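Spelled out, the chains give:
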Amino acid sequence: MNHEHEDFDSLLENSLQTYANAEPRPGLQERILARTVAQQPALSPHRRATPNLWGWLAAGACAALVAVAVYPHFNRAIRISARRQPSSISSPPLTSPAPMASVIPALTPAPTQKPPSHRPAPPRAKALPTQPTSQEKLLAEFLSTHQKEALLLASAQAHEQASLDQPVAPKPIASTPIEIRPIQISSIPGRPIVIDPIQKDSTQVDR
Amino acid sequence: MSRAADLRQAQQNAQTTADLSQAKLTELVQQHSRLLYRIAFAILRNPSDAEDAVQETFLQLHNSGRLHQLEDPKSYLARIVWRNAVRRSSSRRQSQDLPENLESTSPSPETSAMHQQMESKMHSLIDQLPEKLRHPLALSALGDLSQVEIAKMLNLPEGTIRRRIHTARQQLRKQWEKRKGGKA
């Protein structure tokens, strides 16, 4: 029995030893390395640079798309904000006394309303100077010293403006009747026109 | 100009990384390819299939980009090659023929034919074992892997590995005696 056990154990060990003694064919390592090298992607500067380049191109395209999509909204917002600006803000500040304040807008040139443009509006701080201009200073000085003249000028300007604002009544156009004279046909003086009969040339016929 | 320099630098870095990876891979192949082949052969019992499994293992490692992150390359590679071999063996049932390059350990030429016949029978008995018993037995027979490493490879407790090896031996003995008794 023990002999059989020993036989079995030795046979099993021998059989299992074949696993441990298994040797690959010569050149296995070279074949493995060659296969990994063959499957390795080639390294070239162009290949390496391509993903970055494509990335930058994609980012640029996205930025352009966003700009195109946002620009109309941005432009509309600027127009709306320009419309909502109160007119009093655009007029220069007044340094004159209170009773004369109503005269100043008539004497100063009226601010021209610019049509909305595509360009963004300049900053409002630049549109509203904190210091009066030299013309405004002169005007204020004139008002303070010559109030009567200023009033006269203002009333005259207002009268003129009112006359300009009045609708012009249509005036009847003085029309004289149109007279059409009959056409006078007179005979043409001179000799009457005589048409001679056509004569054949005999030489041409012979040809 | 700076972009060109960056490109050159990136290319140099990539080349350096590739060289390092290739050097590391070469080192791993030289160290572990024989063991991996034996593991694959213990499972597949076919030299060309075993070699394919080994090549596939190193390719997977190379493509995974974890060449420099392996703490225990031997265990990792053994586990991968074992999985590849098991997948191959399940997809392609190998023949029962003995491989050509098995070395006979018979003591004398006279008894060689008889021993070969007996070993062939033993191999067929081993092949008939269920996989959960056959794999621990075959891997333990390699001698290059401890039971702890086999347990880690198969993702099983060490005691389970020991018990399965013992059960495999018992079943083989029973089968062997049954066959001998049947013949007698």
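Residues numbered from 1 in each chain as written. Chains lettered and ligands numbered in written order. Predicted model: local features only at pLDDT ≥ 70, side-chain atom pairs only at ≥ 80, totals over all residues. Heavy atoms only, no water.

Bringing the overall build of chain B into the picture now. Along its length, chain B carries seven helices and zero strands. When the helices and strands of chain B are read in sequence order from the N terminus, they spell out α-α-α-α-α-α-α. For chain B, buried positions account for 42% of its 184 residues. Summarising the internal contacts of chain B: among those between residues at least 6 apart in sequence, 70% fall at separations of at least 24. Entry remark: accessible area of chain B is about 9900 Å², with carbon and sulfur atoms responsible for 48%. (Helix = DSSP H or I, 4+ residues; strand = E, 2+ residues; numbered from the N terminus. Buried < 20%, exposed > 50% of the residue type's maximum accessible area, 1.4 Å probe, protein only. Contact = heavy atoms within 4.5 Å. Areas by Shrake-Rupley, 256 points an atom, 1.4 Å probe, with all protein chains shown as cover.)

Moving on, we get to the pattern of salt bridges. Taken as a whole and judged by the stated rule, the model has 13 salt bridges over all chains. A salt bridge links Arg25 of chain A to Glu51 of chain B; its shortest N-O distance comes to 3.3 Å. Separated into two different chains, Arg25 of chain A in the loop between α1 (2–20) and α2 (28–39) and Glu51 of chain B in helix α2 (residues 47–64) make up a pair that spans both. The partly exposed category is assigned to Arg25 of chain A, whose relative accessible area is 49%. The class for Glu51 of chain B is buried, based on a relative accessible area of 4%. (Salt bridge = Lys/Arg side-chain N within 4 Å of Asp/Glu carboxyl O.)

Moving on, we come to the side chain of Ser75 of chain B. All names here are of chain B. By the secondary structure assignment, Ser75 is in helix α3 (residues 73–91). Take Ser75: its relative accessible area is 7%, and that puts it in the buried class. Here Asp72 takes part through its side chain, which lies 2.6 Å from a polar atom of the side chain of Ser75. If near-sequence neighbours (up to four positions away) are discounted, Ser75 is found in contact with Glu149, Lys152 and Met153. (Polar contact = N/O pair within 3.5 Å; in protein donor to acceptor, adjacent residues only side chain to side chain.)

Core analysis: the biggest nonpolar cluster contains 56 residues, and Tyr19 of chain A together with Ile39, Phe58 and Leu139 of chain B have the highest contact counts within it. Leu139 of chain B has contacts with Ile39, Trp82, Leu145, Ile150, Met153 and Leu154 of chain B, leaving out every residue within four places of it along the chain. (Core = buried A, V, L, I, M, F, W, Y, C linked by side-chain atoms within 4.5 Å.)

Residues and elements named next belong to chain B. Mean pLDDT over chain B: 81, with 84% of residues reaching 70 or higher. Per-element averaging of pLDDT across chain B places helix α1 (residues 2–44) at the bottom with 80 and helix α5 (residues 131–142) at the top with 90. For this predicted complex, the interface score ipTM comes out at 0.71, while the overall pTM is 0.49. (pLDDT = per-residue confidence, 0-100.)

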